[in-house]
Amino acid sequence: MARFKNQANETNYNRLVAHCEKPTTFGQQIHSSTGENISSTILSELDKIGINIKDCRGQSYDNGTNMKGDMAKCNSKAMTFFGTMNRIYSLFAASPIRWFILKKHVPNCSVKRLSETRWESRVDSVKPIRYHAALIRDALIEVAESTTKPTIKNEAESLAINELENLEFIVSVIIWYDLLLSVNSVSKILQLRDMNLDVAINGLKDLLQFLKNYRDIGFNSAIKQ
């Protein structure tokens with residue numbers, strides 16, 4: 001549930017509270033659980049009772065999976081990329097023996113699972129591949145050579161050869177890590193309880209400038225690395 005306080009008009013605020021207390025107010029209007037649909041429904045209801053969203057302050061909700069939105073799911077290549085991240089994690093995490101092989105090759109780092117509600121988990125999942133791709137590839141090769149299960153052998157070889165030996169994939173790892181790290185740094189600032197508005201605005205401006213510059217030089221920089 002979302003709660004809004006209209007600072008400009010207490011009457012409108014009371015009207016909104018009464019409107020939200022009606023059990024069928026929003027439920028009948030929401031035809032999809034995506035963040036976009038929920039947001040448009042809320043904005044529509046606010047408009048019906050004469051409340052300007054610009055006068056509203058504060059927001060709270062549960063079911064962060066729906067509300068957070070996810071740019072990665074809007075692009076098929078991005079979905080494939082993060083799907084590969086999960087495949088790598090799942091292969092090693094599903095077996096203590098395979099996890100031991102991973103730790104033998106990469107003792108100071110572990111692959112991470114993606115979370116649907118934690119944006120930072122994307123940074124955590126990409127970071128090991130960003131800095132230890134060759135070692136993780138070696139671990140996958142050992143898994144493929146030591147397993148007696150055909151499906152595991154095929155998956156390990158596929159990840160090692162088709163992904164971690166693939167230039168496009170490695171360049172994608174570098175680019176995604178740079179972007180995710182920058183976005184996550186600003187996201188942390190915005191989530192601070194004692195967030196300073198000036199600091200947050202400067203952080204967003206710096207992020208926007210970084211993204212503009214990265215659009216021009218990011219690919220060539222990733223290739224060189």
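Conventions and cut-offs
- Residues numbered from 1 in each chain as written.
- Predicted model: local features only at pLDDT ≥ 70, side-chain atom pairs only at ≥ 80, totals over all residues.
- Heavy atoms only, no water.
- Helix = DSSP H or I, 4+ residues; strand = E, 2+ residues; numbered from the N terminus.
- Buried < 20%, exposed > 50% of the residue type's maximum accessible area, 1.4 Å probe, protein only.
- Contact = heavy atoms within 4.5 Å.
- Areas by Shrake-Rupley, 256 points an atom, 1.4 Å probe, with all protein chains shown as cover.
- Core = buried A, V, L, I, M, F, W, Y, C linked by side-chain atoms within 4.5 Å.
- Patch = residues over 30% accessible without salt bridge, like charges linked within 9 Å, V, L, I, M, F, W, Y side chains within 5 Å.
- Salt bridge = Lys/Arg side-chain N within 4 Å of Asp/Glu carboxyl O.
- Axes fitted to C-alpha atoms, helices over the stretch in contact; angles between N-to-C directions.
- Parallel < 35°, antiparallel > 145°, perpendicular 65-115°, else oblique.
- Left-handed = near helix turned anticlockwise from the far one by under 90°.
- Nonpolar A, V, L, I, M, F, W, Y, C, P; charged D, E, K, R; others polar.

Colleague: Before we move on, can you summarise the overall build of the chain with the specific residues and values?
Modeller: Along the chain, the regular secondary structure elements total nine helices and two strands. Classification of the 225 residues of the chain by burial places 34% in the buried group. Restricting to contacts in the chain with at least 6 residues of sequence separation, those with at least 24 account for 66%. For the chain, the computed accessible surface area is about 14,300 Å², with 53% contributed by carbon and sulfur atoms.

Colleague: So what's going on with the nonpolar core? Which residues, and what values?
Modeller: Ranked by size, the top nonpolar core spans 31 residues in total, and within it Met85, Phe92, Val126, Ile129, Ile136 and Leu140 carry the most contacts. Looking at this core, the elements with two or more residues in it are helix H4 (76-93), helix H5 (96-105), helix H6 (120-146), helix H7 (150-163) and helix H8 (167-190). Ranked by the residues each element gives to this core, the list is headed by H6, at 10 residues. With sequence-adjacent residues up to four places away left out, Phe92 is seen in contact with Arg98, Trp99, Leu102, Val111, Ile136, Ala139, Leu140 and Val143. Judged by nonpolar contacts, the second largest core, of five residues, contains Ile38, Ile42, Ile49 and Ile51.

Colleague: Can you explain a nonpolar patch on the surface? Please cite residues and give values.
Modeller: Taken together, the side chains of Leu190, Leu192, Met195, Leu197, Ile201 and Leu204 define a hydrophobic patch exposed on the protein surface, amounting to about 520 Å² of accessible area. The topology assignment puts Ile201 in helix H9 (residues 197-224). Taking relative accessible area as the criterion, Ile201 reaches 36% and is therefore assigned partly exposed.

Colleague: Quick one: what's the story with the packing of H6 against H8, residue by residue and with numbers?
Modeller: Running from amino to carboxyl end, H6 crosses H8 at an angle of 140°, the nearest separation of the two axes being 9 Å. The angle between the axes of H6 and H8 places the two elements in the oblique class. Here H6 runs over H8; the crossing is left-handed. Between H6 and H8, the residues in contact are Glu120, Arg122, Val123, Val126, Lys127, Ile129, Arg130, Tyr131 and Ala133 and Phe169, Ile170, Val173, Ile174, Tyr177, Leu180, Leu181, Asn184 and Lys188, respectively. Here the residues of the contact of H6 with H8 sort into 12 nonpolar, one polar and five charged.

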